[in-house]
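One-letter residues, chain by chain:
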Amino acid sequence: MELKGLTSQQVEERRKKHGSNTLTEIPPEPLWKKFLNGFKDPMIMILLVALVIQVVLTILGKAHWYEPVGILVAIMIANGVSSISESQQEGKASALKAEKESKEVAKVIRDGKLQEIHVSEIVVGDILYLQSGDKIGADGEIVEGTVKVDQASLNGETEEATKAPNKTGTAYDIKDLLNPCYAYRGTVVCGGEAYMEVKQVGDKTLFGELALEVQEDTRETPLQVKLGKLAKQISTFGYIGAIAIVAGIFAKTLISGDLPDDFLEWVNLTIEAVTVAVTIIVCAVPEGLPMLTSILMSYQSMRMAKDNVLVHKLNGLETAGSLSLLFSDKTGTITEGKLSVVEVATGNVRKFTALSDMPMALKNDVVVGIGLNNSSSYSDGNIIGGNFTDRALMSFLVANNAANAMARQDVADFNAFDSAKKYSTVTITGNGKAVTYIKGAPEKIIERCTSYVDEKGEEKPLTERNFLTSYMDGQASRSMRLLAVAKCDGISADGEGLTLVCVLSIRDNVRKEAVDAIREVQDAGIQVVMVTGDRKETAVAIATEAGLLKNHSDVALTSAELGELTDDELKQVLPNLRVVSRALPTDKSRLVRCAQELGMVVGMTGDGVNDSPALKKADVGFAMGSGTEVAKEAGDITILDDNFLSIEKAILYGRTMFKSIRKFLIFQLTVNVAAVLICFLAPLLGENEILTVIQLLLVNLAMDTLAAIAFASEPALKEYMQEKPIPRDASIVTKPMFVQVLVGALYISAACLCIRFVPFFQNLLGAVKNGVLDTVLLDSAVFATFMMAIAFNGFNARTAHMNVFENLNRNKHFLRVMGAIFLLQFIFVTFGGEVLKVEAMSVVNWLLCAAIAFLVIPVDMIRKAVTK
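So, how was this worked out
Residues numbered from 1 in each chain as written. Predicted model: local features only at pLDDT ≥ 70, side-chain atom pairs only at ≥ 80, totals over all residues. Heavy atoms only, no water. Helix = DSSP H or I, 4+ residues; strand = E, 2+ residues; numbered from the N terminus. Rg over C-alpha atoms; globule rule 2.2 N^0.38 Å. Contact = heavy atoms within 4.5 Å. Areas by Shrake-Rupley, 256 points an atom, 1.4 Å probe, with all protein chains shown as cover. Lys, Arg positive; Asp, Glu negative; His and termini not counted. Charge placed at Lys NZ, Arg CZ, Asp CG, Glu CD. Buried < 20%, exposed > 50% of the residue type's maximum accessible area, 1.4 Å probe, protein only. Phe/Tyr/Trp six-rings, centres within 6.5 Å; stacked < 30°, edge-to-face > 60°. Lys NZ or Arg CZ within 6 Å of the ring centre and 35° of its normal. Expected span 1.5 Å × (residues − 1). Arc of directions from axis to C-beta. Pairing = 2+ DSSP bridges. Axes fitted to C-alpha atoms, helices over the stretch in contact; angles between N-to-C directions. Parallel < 35°, antiparallel > 145°, perpendicular 65-115°, else oblique. Left-handed = near helix turned anticlockwise from the far one by under 90°. Nonpolar A, V, L, I, M, F, W, Y, C, P; charged D, E, K, R; others polar. Core = buried A, V, L, I, M, F, W, Y, C linked by side-chain atoms within 4.5 Å. Patch = residues over 30% accessible without salt bridge, like charges linked within 9 Å, V, L, I, M, F, W, Y side chains within 5 Å. Salt bridge = Lys/Arg side-chain N within 4 Å of Asp/Glu carboxyl O.

A.B. asks: Tell me about the overall build of the chain, and name the residues and values.
C.D. replies: Summing up its helical and strand segments, the chain has 30 helices and 28 strands in all. Taking 2.2 N^0.38 as the reference for a compact globule, 868 residues should give roughly 29 Å; the C-alpha atoms of the chain span a radius of gyration of 36 Å, well beyond that estimate. Principal-axis analysis of the C-alpha atoms places the extent of the chain at approximately 125 × 70 × 50 Å. Of the contacts made within the chain by residues no fewer than 6 positions apart, 72% connect residues no fewer than 24 positions apart. By element, 58% of the accessible surface of the chain is carried by carbon and sulfur atoms, the whole surface being about 37,000 Å². Separation of charge centres in the chain, based on 86 positive and 101 negative side chains, amounts to 2 Å.

A.B. asks: Talk me through unusual backbone geometry; I want residue IDs and the actual numbers.
C.D. replies: Most peptide bonds adopt trans geometry, and most residues besides glycine take a negative phi value. Located in the positive-phi region is N401, a residue other than glycine, with phi close to 55°. Positive phi, normally seen in glycine, also occurs at N770, with a value near 55°. Relative to the helices and strands, N770 is located in the loop between β27 (768-769) and β28 (772-773). On the basis of relative accessible area, N770 is assigned to the exposed category, the value being 83%.

A.B. asks: Run through the packing of aromatic side chains, naming residues and quoting values.
C.D. replies: Using the criterion set out here, one finds 12 aromatic pairs in the structure. Judged by centre distance (5.3 Å) and plane angle (90°), the ring pair of F792 and F854 falls under edge-to-face. One end of the pair, F792, is in helix α26 (residues 775-797); the other, F854, is in helix α29 (residues 843-854), with 62 residues separating them in the sequence. On the basis of relative accessible area, F792 is assigned to the buried category, the value being 14%. Joined through ring pairs, the aromatic side chains of F664, F667, F711, F795, F805 and F814 make up one cluster. Over the ring of F757 we find R756; its NZ or CZ atom is 5.5 Å from the centre of that ring. The ring of F814 has R798 lying over it, and the distance from NZ or CZ to the ring centre is 5.4 Å.

A.B. asks: Please give an account of α29 that cites residues and values.
C.D. replies: Between its first and last C-alpha atoms α29 spans 16 Å; for 12 residues at 1.5 Å apiece the expected length is 16 Å, and the two agree. Buried within α29 we find N845, W846, C849, I852 and A853. Viewed along the axis of α29, the buried residues span an arc of 130°, placing them on a single side of the element. Exposed residues on α29 whose side chains face more than 90 degrees from its buried face are V843, V844 and L847.

A.B. asks: Account for the environment of S132, with residues named and values stated.
C.D. replies: Positionally, S132 belongs in the loop between β3 (127-130) and β4 (139-150). Residue classification places S132 among the partly exposed residues on the basis of a relative accessible area of 36%. Sequence separation of S132 and G385 is 253 residues, and the distance between their C-alpha atoms is 6.7 Å. S132 has contacts with V189, C190, G191 and G192, leaving out every residue within four places of it along the chain.

A.B. asks: Provide a residue-level description of the pairing of strand β14 (residues 411-418), including the pertinent values.
C.D. replies: Every other side chain in a regular strand lies on the same face of the sheet, so the side chains alternate between the two faces. As defined by bridge partners, β14 adjoins strand β15 (residues 423-430) across 5 bridges and the pair is classed as antiparallel. In the sheet register, V411 faces β15, and the bridge partner there is I428. Here β14 folds back onto β15 in antiparallel fashion, the turn holding 4 residues, of which K422 has a positive phi close to 70°.

A.B. asks: Explain the packing of α26 against α29 to me, using residue names and the numbers behind them.
C.D. replies: Helix-helix packing is described using two parameters, namely the angle between the two axes and the distance between the axes. The contact between α26 and α29 brings their axes to 8 Å, and the two run at 45°. Taken together, the axis directions place α26 and α29 in an arrangement best described as oblique. Here α26 runs over α29; the crossing is right-handed. Contact residues: α26 offers L777, A781, A784, T785, M788, A789 and F792, while α29 offers N845, W846, C849, A850, I852, A853 and F854. The class makeup of the residues in the contact of α26 with α29 is 12 nonpolar, 2 polar and no charged.

A.B. asks: So what's going on with the sheet that holds strand β8 (residues 309-311)? Which residues, and what values?
C.D. replies: Within the open sheet, the 8 strands sit side by side as β8-β26-β25-β24-β9-β21-β23-β22. Their pairing is mixed. Since the sheet does not close on itself, it has two edges, and those belong to β8 and β22 (555-558), each with one partner. Going across the sheet, the axis of each strand differs from the next one's by a mean of 20°, ignoring polarity. Its contacts with the sheet put helix α19 (residues 585-597) on β9 (325-328), β21 (527-531), β23 (577-581) and β24 (602-606), and the angle it makes with β24 is roughly 165°.

A.B. asks: So what about the environment of H64? Which residues, and what values?
C.D. replies: On the secondary structure map, H64 appears in the loop between α3 (42-59) and α4 (66-101). Judged by its relative accessible area of 42%, H64 falls in the partly exposed class.

A.B. asks: Go over the nonpolar core, please, and point to the residues and values.
C.D. replies: In this structure, I334, F622, F644, I732, F783 and F786 are the most contacted members of the largest nonpolar core, which totals 114 residues. Per-element tally for this core: the top contributor is helix α22 (residues 644-684), with 21 residues. In contact with F783, not counting residues within four places along its chain, are L691, Q695, V699, Q825, F828, V829, L836 and V838. The next biggest cluster of nonpolar side chains, apart from the first, holds 31 residues, and it includes V344, L372, F396 and V453.

A.B. asks: For a nonpolar patch on the surface, give the residues involved together with the corresponding values.
C.D. replies: On the surface, a cluster of nonpolar side chains totalling about 380 Å² of accessible area is made up of W65, V69, V73 and I77. Its location among the elements puts V73 in helix α4.

A.B. asks: Break down the pattern of salt bridges for me, citing the residues and quoting the values.
C.D. replies: Here the structure, examined in full by the defined rule, presents 30 salt bridges. Of the charged contacts in the structure, one is a salt bridge between K107 and D134, with a shortest N-O distance of 2.8 Å. One end of the pair, K107, is in strand β1 (residues 105-110); the other, D134, is in the loop between β3 and β4, with 27 residues separating them in the sequence. The pair formed by K107 and D134 is uniform in burial state, with each residue classed as buried. As a salt-bridge pair, D390 and K439 come within 3.0 Å of each other at their nearest N and O atoms. One end of the pair, D390, is in helix α12 (residues 388-399); the other, K439, is in strand β16 (residues 433-440), and 49 residues separate them in sequence.

A.B. asks: Go over the packing of helix α24 (residues 735-757) against helix α30 (residues 856-867) with me, naming the residues and quoting the values.
C.D. replies: Two numbers describe how α24 lies on α30: the axes approach to 10 Å, and their chain directions differ by 145°. Crossing handedness for the pair α24 and α30: right-handed. Each of P736, V739, Q740, V743, Y747 and I748 in α24 lies in contact with α30, whose residues at this interface are V856, V859, D860 and R863. The residue inventory of the contact of α24 with α30, partitioned by class, reads 7 nonpolar, 1 polar and 2 charged.

A.B. asks: Residues and numbers for the side chain of R511, please.
C.D. replies: Residue placement: R511 occurs in the loop between β20 (498-510) and α15 (512-523). Accessibility expressed as a relative area gives 13% for R511, which makes it buried. Contacts of R511, omitting those with residues within four sequence positions, involve G332, T333, I334, T335, E336, D641, D642 and N643.

This is the structure we're talking about:
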């Protein structure tokens, strides 16, 4: 049949009528929009309330201009870091995608000539020329020739599909990927040549339809839920504290009898009380928390890039640390993603794993039987052409340094694999003699063999077949794909009397590192379920070897069996589910939905377009680096090396991030509670203000910013993978954390109040001079002790163990930050003067304040010993 294709005029007409072959892009959110959305963060919203009140007080002349400016700076930094970091991560992903798409071309017949065009220029009616290795650029029907197609990007199946012309005119369903005539965009030609008439382009292709499905919204991440609850709790605490302060000041005024004489004095008293109340609100809010989460996510995402993990959406990183259920692909993630020769056995079942272990005669037969009888070839370090099986055989020869030793000039005839005969043949001539080698299905070859080559390279009669049959059955049960190689004299391979050379066991092997990674993930309390398009027997064998199937209670289901279950029945089975075989894209989405309805935090891995809806729907989607661009866009994180070990690292980094947030909260909430207690109790003891608003703002801004850097650099400890996942609805502040915060805050508050009000400490600091109390010196000592105690408490916050200095060598930033805090405190007190209402202190007083502050460490060690 002569194929002329479309004319240039017809191309333009078809493009106008049916549209172009471009896919609808999901435009990334612009930086300005990310920045504005950041103001919806609950912590930022509380700060905005405090900012408005401070602006009003500044206008009334009751606050300094730099107080609202300080809060505004904290808001802008926290919001800006997060927005810019996420935008940069998306930019990297877009650049990788653009580079890949620019190389996508197609061979098309137009005006009677074969041309090469960019995939986006394909139109309906074009005739595409398909060859081995081509990625098909549109959906269409094969009109001439036959090709084998890898459709794994659409259905996850590793088995190749044969596509040929519909010569009988039989109707078929184009939605059925296993139909024999229709080929799809995104699939790859593995063998053969054919011409395809394009029927659908762009978003109307199956690839395009699936790509559009990933645009649905996702639910809140676990951290967003927890921070939302914390924001409500903190705001409530702050507002109640503020009201209590106002009430306390008025109560003190009434009790003392020192009542204002006129309305104006009552107004001034009220404004003074409100000013202190605003101080309480500002103290109660951990301004550094939004900044910490932004810095943490950015810092961890940069660290993860070195471990082959690219974070697209920063929230996906923290969600990975909260996973309770992970649905994982098999091929390429748990397994190596490529077929490998595992074992070579002779007719009497002598096993070899390397050519070097074989006698020369047997080795030569094996090399010729699988190397020259092969549709792939080895050139310049690359294996070219052939199907998956032939490439696996050639890889075995390359690994054994035998690929370049084959005498291709001796090949007289080669017949590629015949699907009817189930074997391929090659005839070798040399020394005036012809020998034909046959490679294919064991059931078609072994029954015709009368002899075999033994482990010494000698031919022996094949009389005992049961042992060989038993061996092959055992290998098949281990999900091995078996191939037989035989030979005979002459140029015909159709007769009897063949000599069996070997039986090869081929399989997509389980990654060695994946087995350890799966065990660690399971030890972390995360349920791992393997979801694959393979048959159940293969899936069960791989799952058993990978350590997924261990107990009698573990369940393996096929897609059909899964479909027979109602959602309620599936939810009952889900805790014991370990394997889903012959899985469909709809199965994955359903599994994610049901698990989320049970309150689980769900992760999903995937590489194909068919995986995209489930990747989008999951709490965190892990797209594979070798997968489709649609899958990468749908996912939150891309695993660049397709390795389960990298997923385990992503989970560890996510948990480290969550741990760092909790450490920071212990640190920060101790500051806030201590400040609130001091500001509440001081007026009741006779002083309205011993920590000023500007002092507290300096503490919050300096401490929050520096502490965010310190805790963001905490190392990823393997011990975090021994803990169980934190439930989605659990509070971010636990009871042990609350106790630690309370103990630390009570000690710091007591220490500061004692310095200010207890005569013993007043005399110790030399604040009583000629019977006059130097209140400025005492206020300076309180401020100095407060900040140093906070810094020392940072060591308590970073570990639950007794040794507060452990792993400090893995976080040098922490020591630098704590040193900076001490330096800043010295500068604030020494040079703060009237602005901070402080004065310089003597060396003795500094040492006394430092000693009092340091005691927060042994106090917390006592708490750890008691609570442990």
